[in-house]
Amino acid sequence: MDEPPRDPRHGPSEDELPGVLGYGLRWGSSANAMVVVEAARVFSDGVMFQVGRQLRRGDLSVRAFQQLVHEDHFYASDEDRRARLRYGAVLADGQHVTDGYPFGRDSEGTGAVLMRHGGGGGGGASSYRYTDELWLHPLPPTGPLELVVQWPSLGLPEQRVALPAADMLQAAEQVTALWPD
C-alpha cells in the first residue's frame, strides 16, 4: 500500500539531516514563567524551532502551581483559550502567522504555516520544564524574522525576538539527504 505524499505544511521531511542553529535566547518572562528559543533545525522546506518553557513555583501554593503547570492543556471556554500560551511569527515579507489557527495556518488558510509539532516535559513540586517544537513552513524570506510569544494567564505580555533569516537560509544549504536514492 502506497503512503500518501508528504505535506510539508505538517512537518519536516524524515529523509533529511537538518542544519542546526543554536540560540539560547530569552524570549519572554514573568514572575513564574520563562520562555527561551533554544535552537532551530533547518530543513530544505522549513524550520523546526525548539522552544523551552520553565515554570517555577515561587511563592505559589502547591495547588496553585499544579494548576499553573496544567492550565495550558485544559480549557472550558473561549475566554480561557484567549489566556493560553500563544506563539506567532512575523516574516520579512509582512506575513503574520500564529499557532492559534487550524494547523497553524494564517487566518486566510494560505501562505506560511506555524504549528506546534510536538514536545515534552516534566518536573516536580517547585519547577516544571517543557520543550515545544514549532514548525515554520516554508523557509522564511530574506530579512528579519520575529518570533512572538504571549501567555496572558501567566502575566507574560506579547514579547518578540528577532532572528536573522539569512542564517536559516544558509543552514538550509547544508541540509543533506539521509538516503540519496
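These figures come from a predicted structure and were not determined experimentally.

Draft legend 1. Structural view of the overall build of the protein chain. Across its full length, the protein chain holds three helices and 11 strands. Counting from the amino terminus, helix and strand elements in the protein chain follow one another as β-β-β-β-α-α-β-β-β-β-β-β-α-β. Every one of the 181 residues in the protein chain was classed for burial, and the buried ones make up 40%. The contacts of the protein chain with a sequence gap of at least 6 include a subset with a gap of at least 24, amounting to 58%.

Draft legend 2. Quick peek at the pattern of salt bridges. Counted by the stated rule, this structure contains nine salt bridges. Here aspartate 7 and arginine 9 are joined by a salt bridge, their closest N and O atoms 2.3 Å apart. With relative accessibility at 23%, the residue aspartate 7 sits in the partly exposed group. The exposure class assigned to arginine 9 is partly exposed, which follows from its relative accessible area of 28%. For arginine 160, the salt bridge identified is with glutamate 158, shortest N-O distance 3.0 Å. The partly exposed category is assigned to arginine 160, whose relative accessible area is 41%. Accessibility expressed as a relative area gives 43% for glutamate 158, which makes it partly exposed. Among the charged side chains, a salt-bridge network with shared partners connects Arg84, Asp99 and Arg116.

Draft legend 3. Examining the sheet that holds strand β10 (residues 156-164) more closely. The antiparallel open sheet is built from four strands, whose spatial order is β6-β5-β9-β10. The sheet is open, and its two edges are formed by β6 (96-98) and β10, each paired on a single side. For this sheet, the mean inter-axis angle between neighbouring strands, taken without regard to orientation, is 20°. In the sheet, strand β9 (residues 144-151) pairs with β10 via seven bridges, with the strands oriented antiparallel. Looking at β10, one finds that leucine 145 is bridged to leucine 163. With respect to the sheet, helix α3 (residues 165-172) is in contact with β9 and β10, its orientation differing from that of β10 by roughly 55°.

Draft legend 4. Fine view of unusual backbone geometry. Residue proline 138 follows histidine 137 across a cis peptide bond; omega there is -5°. Looking at the secondary structure, you find proline 138 in the loop between β8 (127-137) and β9.

Draft legend 5. Broad picture of the packing of aromatic side chains. Enumeration according to the criterion identifies two aromatic pairs in this entry. With a centroid separation of 5.6 Å and an interplanar angle of 25°, the aromatic rings of tryptophan 27 and tyrosine 87 are classed as stacked. Here the residue tryptophan 27 occupies a position in strand β2 (residues 19-29), and tyrosine 87 occupies one in strand β5 (residues 86-90), the gap between them amounting to 60 residues. A centroid spacing of 6.0 Å and a plane angle of 70° characterise the contact between phenylalanine 43 and tryptophan 135, whose relative ring orientation is edge-to-face. In this pair, phenylalanine 43 sits in strand β3 (residues 33-43) while tryptophan 135 sits in strand β8, placing the two residues 92 residues apart along the sequence. What makes tryptophan 135 buried here is its relative accessible area of 0%.

Draft legend 6. Expanded view of α3. Of the positions making up α3, those classed as buried are Ala165, Met168, Ala171 and Ala172. In a view along the axis of α3, the buried residues occupy a sector of 120°, so they form one face of it. Contacts made by the buried residues of α3 are with β2, β3, β4 (46-56), β9 and β10.

About the cut-offs
- Residues numbered from 1 in each chain as written.
- Predicted model: local features only at pLDDT ≥ 70, side-chain atom pairs only at ≥ 80, totals over all residues.
- Heavy atoms only, no water.
- Helix = DSSP H or I, 4+ residues; strand = E, 2+ residues; numbered from the N terminus.
- Buried < 20%, exposed > 50% of the residue type's maximum accessible area, 1.4 Å probe, protein only.
- Contact = heavy atoms within 4.5 Å.
- Salt bridge = Lys/Arg side-chain N within 4 Å of Asp/Glu carboxyl O.
- Pairing = 2+ DSSP bridges.
- Axes fitted to C-alpha atoms, helices over the stretch in contact; angles between N-to-C directions.
- Phe/Tyr/Trp six-rings, centres within 6.5 Å; stacked < 30°, edge-to-face > 60°.
- Arc of directions from axis to C-beta.

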